[in-house]
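# Chains, contacts and geometry: an overview
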Amino acid sequence: MAGIYLHIPFCKKACHYCNFHFSTQTTHIQSFVNAIIREIELQKDYLKGPIQTIYFGGGTPSLLSQTQLSTIIKALYANFDIAPEIECTLEANPDDINKDLLAAWKALGINRLSIGIQSFQAKSLTWMNRAHSIEQSHTAIQLAQAAGINNISVDLIYGTPTLSDAALIQDLNWIEHYQIKHVSCYALTVEDKTALKKLIEKEALKDVDPAQQAAHFELLSSRLVAMGMEHYEISNFAQPGCRSQHNSNYWSGVPYLGLGPSAHSFNGISRQWNIANNALYIQSINRNQLNFEIEQLSDANRYNEYIMTSLRRMEGFDLDFIKMNFGIHYYQHTISTIESMRPKNYLIQDQNKFMLSKAAKFLADGIASDFFILDAAQWS
Ligand code: SF4
């Protein structure tokens with residue numbers, strides 16, 4: 001079992017808050033497509049076992065033409081053992097979606113769309129500098145559903161200063177109206193080196209308010225759960241049977257290959273990440289050379305990742321799994337950390353499994369870091 005992620009590093013316009021790797025120089029898309037096809041060939045032996053999920057992320061994969069996407073998919077099938085019941089996701093921005101492209105995606109085997117709606121509020125889209133309008137968001141969802149692509153995920157961003165509680169409720173009303181199967185909700189974060197950070201420093205835009213973000217998180221998680229969705233990961237909600245298989249595998253430690261600039265790969269022993277520069281990526285691949293950095297994962301690295309990803313999921317972490325996979329020292333360390341946290345009521349216990357209480361979910365990353373092993377040498 002394994003997955004493939006393809007990073008398509010181009011966007012029409014730079015959103016103010018974005019710190020992903022992308023370029024707005026879309027004239028280079030074809031050279032990139034030629035390079036990623038060569039990378040597919042160079043990396044064909046990285047994964048063992050059939051590929052169960054393919055995920056086109058970015059950047060903006062919906063900028064690829066039908067021919068470009070088709071050539072990439074053909075190269076994947078020619079070089080990997082792809083399972084028949086594959087989940088194949090494409091991230092798409094509303095302004096790219098039209099009837100012809102949807103029919104083409106469906107014919108190419110794309111059976112899941114992740115649509116970058118972010119907000120159904122014009123004021124918030126302008127504040128974020130998104131390329132699309134709210135009319136395009138509504139049309140995109142309606143066209144995708146009419147085309148028979150029902151496995152749709154919608155991204156929402158909360159905690160923007162322009163988003164009132166009433167506006168967030170209106171966004172959630174649209175999710176219910178369209179009977180969306182999967183929602184990914186992200187708190188707006190002000191990352192270094194983004195336009196947003198500079199605009200806030202210059203006081204051209206209002207800063208985010210952590211109390212408002214916590215209130216939004218509570219509001220949207222209660223409402224989405226009331227709609228029948230499972231809050232299966234801190235930022236992700238799905239109707240039963242509609243979780244993202246690709247991301248669920250990623251959080252369960254299933255190996256994956258990342259293709260394209262900045263993409264990460266994981267094979268159970270090491271993690272590697274491609275150079276985050278389109279020109280240097282293309283130049284290397286044209287010389288038949290992969291350009292990445294690699295980190296061998298220690299037991300402590302793997303334990304920390306297991307705790308982080310498990311605590312973010314509704315299933316939580318499993319003491320038996322820790323004892324079996326990491327040994328007695330990690331097991332005892334986990335128990336003593338659980339004990340030290342008891343007065344705070346962060347954790348709920350179900351036999352040997354521990355998951356976050358509802359109130360603790362917004363604090364997931366901080367709570368996970370209290371479990372982290374920074375120096376395992378003490379046990380050697
Ligand atoms: S479309 Fe996505 S990847 Fe591109 S700039 Fe906006 S947030 Fe970033």
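The structure this text deals with has already been given above.
Here the residue index of a chain counts from 1 through its sequence in written order. With pLDDT at 70 or above as the cut-off, local features in this predicted model cover only qualifying residues; side-chain atom pairs require 80 or more to be listed or tallied, and sums for whole chains, interfaces and linings still use all residues. The basis for the side-chain values is all heavy atoms of the structure; hydrogens and waters are excluded.

With that settled, consider the side chain of asparagine 274. Note on placement: asparagine 274 falls in strand β11 (residues 270-274). Three exposure classes are used, based on accessible area relative to the maximum for each residue type with a 1.4 Å probe and protein chains only: buried under 20%, partly exposed in between, and exposed over 50%. A relative accessible area of 6% places asparagine 274 in the buried class. A polar side-chain atom of asparagine 274 sits 2.9 Å from the main-chain carbonyl oxygen of glycine 260. Two residues form a contact once any of their heavy atoms are found within 4.5 Å. What asparagine 274 contacts, discounting residues up to four positions off in sequence, is Glu39, Gly258, Leu259, Gly260, Pro261, Ser262, Ala263, Tyr281, Asn291 and Phe292. By definition, any uninterrupted DSSP run of H or I lasting at least four residues is a helix, any uninterrupted run of E lasting at least two residues is a strand, and each is numbered from the N terminus. Under this definition, polar contacts are N or O atom pairs within 3.5 Å; protein pairs additionally need one hydrogen-donor-capable and one acceptor-capable atom, and for neighbouring residues in sequence, both atoms have to be side-chain atoms.

What follows concerns the sheet that holds strand β14 (residues 347-350). Backbone-to-backbone hydrogen bonds pair the strands of a sheet. The strands run either parallel or antiparallel. With antiparallel pairing, three strands are arranged side by side in an open sheet as β13-β15-β14. Pairing within the sheet leaves two strands with one partner each, and these edge strands are β13 (317-318) and β14. Criterion used throughout: strands pair if DSSP finds at least two bridges between them. Here β14 pairs with strand β15 (residues 353-356) via four bridges, running antiparallel. Residue pairing for β15: aspartate 350 is matched across the bridge by lysine 353.

Expected helix span is given by 1.5 Å per residue-to-residue step, counting one fewer step than there are residues. Here helix α5 (residues 134-146) is 13 residues long and its end C-alpha atoms lie 18 Å apart, about the 18 Å a rise of 1.5 Å per residue gives. Listing the buried residues of α5 in full gives Ser137, His138, Ala140, Ile141 and Ala144. All buried residues of α5 fall inside an arc of 160 degrees around its axis, so they share one side. Turned more than 90 degrees away from the buried face of α5, the exposed residues are Glu135 and Ala146. Where the residues of α5 are buried, they touch α3 (99-107), β4 (112-118), β5 (152-158) and α6 (165-177). What the arc covers is the set of directions going from the helix axis to the C-beta atoms.

With that settled, consider helix α12 (residues 319-326). One turn of the α-helix equals 3.6 residues, which is why residues spaced by three or four share an orientation. Along α12, the residues classified as buried are Leu319, Ile322 and Phe326. End-on, the buried residues of α12 take up no more than an arc of 65 degrees, which puts them together on one face. Here the buried face of α12 lies against α11 (299-311), β13, α13 (328-341) and β15. Where α12 begins, the capping side chain belongs to aspartate 318, and its oxygen is found 2.9 Å from the backbone nitrogen of aspartate 320.

With that settled, the discussion passes to the site of the ligand. Around the ligand, the structure places Cys11, Lys13, Cys15, Tyr17, Cys18, Phe20, Phe22, Gly59, Thr60, Asn93 and Arg130. Considered class by class, the residues forming the shell around the ligand number six nonpolar, three polar and two charged. One heavy atom within 4 Å of a molecule or strand makes the whole residue count as near it. Residues are grouped as follows: Ala, Val, Leu, Ile, Met, Phe, Trp, Tyr, Cys and Pro are nonpolar; Asp, Glu, Lys and Arg are charged; all remaining types, including Gly, are polar.

Glancing now at the pattern of salt bridges. Only one rule defines a salt bridge in this text: a Lys or Arg side-chain nitrogen within 4 Å of an Asp or Glu carboxyl oxygen. Overall, the coordinates contain 13 salt bridges when judged by the stated rule. Note that aspartate 95 and lysine 12 form a salt bridge whose closest N and O atoms lie 2.8 Å from each other. A residue pair is termed long-range when its members are at least 10 positions apart, and aspartate 95 in the loop between β3 (82-92) and α3 and lysine 12 in the loop between β1 (2-8) and α1 (29-42) qualify at 83 residues. On the accessibility criterion, lysine 12 (44% relative accessible area) is partly exposed. The structure contains a network of salt bridges with shared partners spanning Lys12, Asp95 and Asp96.

A general feature of soluble globular proteins is that nonpolar side chains tend to end up buried together. Only buried residues count toward a nonpolar core. Its members are Ala, Val, Leu, Ile, Met, Phe, Trp, Tyr and Cys residues joined through side-chain atoms within 4.5 Å. One finds Leu6 and Phe56 to be the most contacted residues of the largest nonpolar core, which totals 91 residues. With seven residues, α1 is the single largest residue contributor to this core. For leucine 6, the contacting residues outside a window of four places in its chain are Ile36, Ile40, Ile54, Tyr55, Phe56, Gly57, Ile72, Leu76 and Leu259. If you look at the next biggest cluster of nonpolar residues, it comprises 10 residues, including Met128, Leu188, Ile200 and Val208.

Centres within 6.5 Å are what make two rings of Phe, Tyr or Trp a pair, Trp counting through its six-membered ring; a difference in plane orientation under 30 degrees is then read as stacked, over 60 as edge-to-face, and the rest as tilted. Tallying each qualifying case throughout the model produces 18 aromatic pairs. Each ring, one from phenylalanine 321 and one from phenylalanine 326, has its centre 6.4 Å from the other, and the planes form 65 degrees; the classification is edge-to-face. We classify phenylalanine 321 as partly exposed; its relative accessible area is 33%. For phenylalanine 326, a relative accessible area of 10% translates into the label buried. Ring geometry for phenylalanine 326 against tyrosine 330: centres 5.8 Å apart, planes inclined by 45 degrees, an arrangement best described as tilted. On the basis of relative accessibility, which here comes to 6%, the residue tyrosine 330 falls in the buried class. Members of the aromatic cluster, each reached through a chain of ring pairs, are Tyr303, Tyr306, Phe321, Phe326 and Tyr330. Cation placement over rings: the criterion is NZ of Lys or CZ of Arg within 6 Å of the ring centroid and within 35° of the ring normal. Seen from the ring of tyrosine 331, lysine 323 lies directly overhead, with NZ or CZ sitting 4.5 Å from the centre.

Attention now goes to the state of the cysteines. Defined simply, a disulfide is a covalent bond joining two cysteines at their sulfur atoms. Whenever a pair of cysteine sulfur atoms sits within 2.5 Å, that pair is classed as a disulfide. Using the criterion set out here, one finds zero disulfides in the structure. Distance from the sulfur of cysteine 185, which forms no disulfide, to the nearest cysteine sulfur (cysteine 242) is 15 Å. Judged by relative accessible area, which is 3%, cysteine 185 ranks as buried.

Considering the arrangement of structural elements, one finds alanine 104 in helix α3. The exposure class of alanine 104 is buried, given its relative accessible area of 7%. Sequence-wise, alanine 104 and phenylalanine 372 are 268 residues apart; in three dimensions their C-alpha atoms are separated by 46 Å.

Burial within β4 is extensive, with seven of its seven residues counted as buried. Residues Arg112, Ser114, Gly116 and Gln118 of β4 are buried on one face, and the alternating residues Leu113, Ile115 and Ile117, pointing to the opposite face, are buried as well. Bridge analysis of β3 against β4 gives four bridges, and the strand direction is parallel. Residue pairing for β4: alanine 92 is matched across the bridge by isoleucine 115.

This paragraph deals with unusual backbone geometry. Cis geometry marks the peptide bond from glycine 58 to glycine 59, where omega comes out at 20 degrees. Following the sequence through the fold, glycine 59 ends up in the loop between β2 (51-58) and α2 (66-79). One non-glycine residue, glutamate 203, adopts positive backbone phi at about 60 degrees. Of note, glutamate 203 is situated in the loop between α7 (195-201) and α8 (210-226). Judged by relative accessible area, glutamate 203 falls into the exposed class, the value being 71%.

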